[in-house]
Amino acid sequence: MTETRCSWANPANPLYLAYHDHEWGVPCHDEVRLFEMLNLEGAQAGLSWETILNKRENYRAAFDGWDAHAIAAYGEDKIAQLLANPGIVRNKLKVNAAITNARAYLRMREEGLTLDKYLWDHVGGQPLVRRPDDHTRPTTTDLSDRISRDLSKRGFKFVGSTIIYAYLQGVGVVNDHDHACFRRGAGA
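So, a few notes on the structure that sits alongside this text.

Thresholds, definitions, all that
Residues numbered from 1 in each chain as written. Predicted model: local features only at pLDDT ≥ 70, side-chain atom pairs only at ≥ 80, totals over all residues. Heavy atoms only, no water. Core = buried A, V, L, I, M, F, W, Y, C linked by side-chain atoms within 4.5 Å. Buried < 20%, exposed > 50% of the residue type's maximum accessible area, 1.4 Å probe, protein only. Helix = DSSP H or I, 4+ residues; strand = E, 2+ residues; numbered from the N terminus. Contact = heavy atoms within 4.5 Å. Axes fitted to C-alpha atoms, helices over the stretch in contact; angles between N-to-C directions. Parallel < 35°, antiparallel > 145°, perpendicular 65-115°, else oblique. Left-handed = near helix turned anticlockwise from the far one by under 90°. Arc of directions from axis to C-beta.

1. Quick notes on the nonpolar core
One broad rule of soluble globular proteins: the nonpolar side chains tend to lie buried together. Y59, F63, L119 and Y167 are the most contacted members of the largest nonpolar core, which totals 53 residues. Sort the elements by how many residues they give to this core and helix α7 (residues 92-110) lands first, with 8 residues. Setting aside chain neighbours within four positions, we find Y167 in contact with L34, M37, L38, E41, L115 and L119.

Here it is, written out as structure tokens:
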């Protein structure tokens, strides 16, 4: 018997199915993964999530396991190396955004604020679950608008409201699994 999944989960891609089944919509409190996902969602802008997911391990290797301290110190030589790396999206704006985001993230940490606390305080520590009568999946919400504006003020890049909403879904702040999806009520 096959499980019913969200309509967007490509059944032909094992990486995508594993992501859907074990990560998307699952509340995340791991700082490194929260930072990684913020940057990967930004890298996705204009592309499919599947493209980024297929390159995820390459991103981890290229960006030093998403070590914000290492990334914040990247100079022109490292940027040139990244832009020559066929395993990631070689877009200068997106590569520079990851470096800018590392610096903004470290400033947050200096203020005593983690991404975990920052995100989960916005929802009172509990994932937001789409209402049963809501059969559409929005691309932005008031919450994503607020977080997008605030992160932008803090110096983050590629954090528009649509990107932030996808991020909130990906790290489980929002449970947007389809109503028929087996992950919907699984404490995703």
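There is more to say, and it comes next.
2. Remarks on the packing of helix α6 (residues 76-83) against α7
Following both chains from N to C, one finds α6 and α7 inclined at 135°, their axes separated by 10 Å at the closest point. By the angle class used here, α6 and α7 are oblique. Our pair here, α6 against α7, has a crossing hand that is right-handed. Between α6 and α7, the residues in contact are I79, L82 and L83 and K92, V95, N96 and I99, respectively.

3. Thoughts on α6
Among all positions of α6, only K78, I79 and L82 are buried. In a view along the axis of α6, the buried residues occupy a sector of 100°, so they form one face of it. Residues E76, D77 and Q81 are exposed on α6 and point more than 90 degrees away from its buried face. Elements that come into contact with the buried residues of α6 comprise α4 (56-62) and α7.

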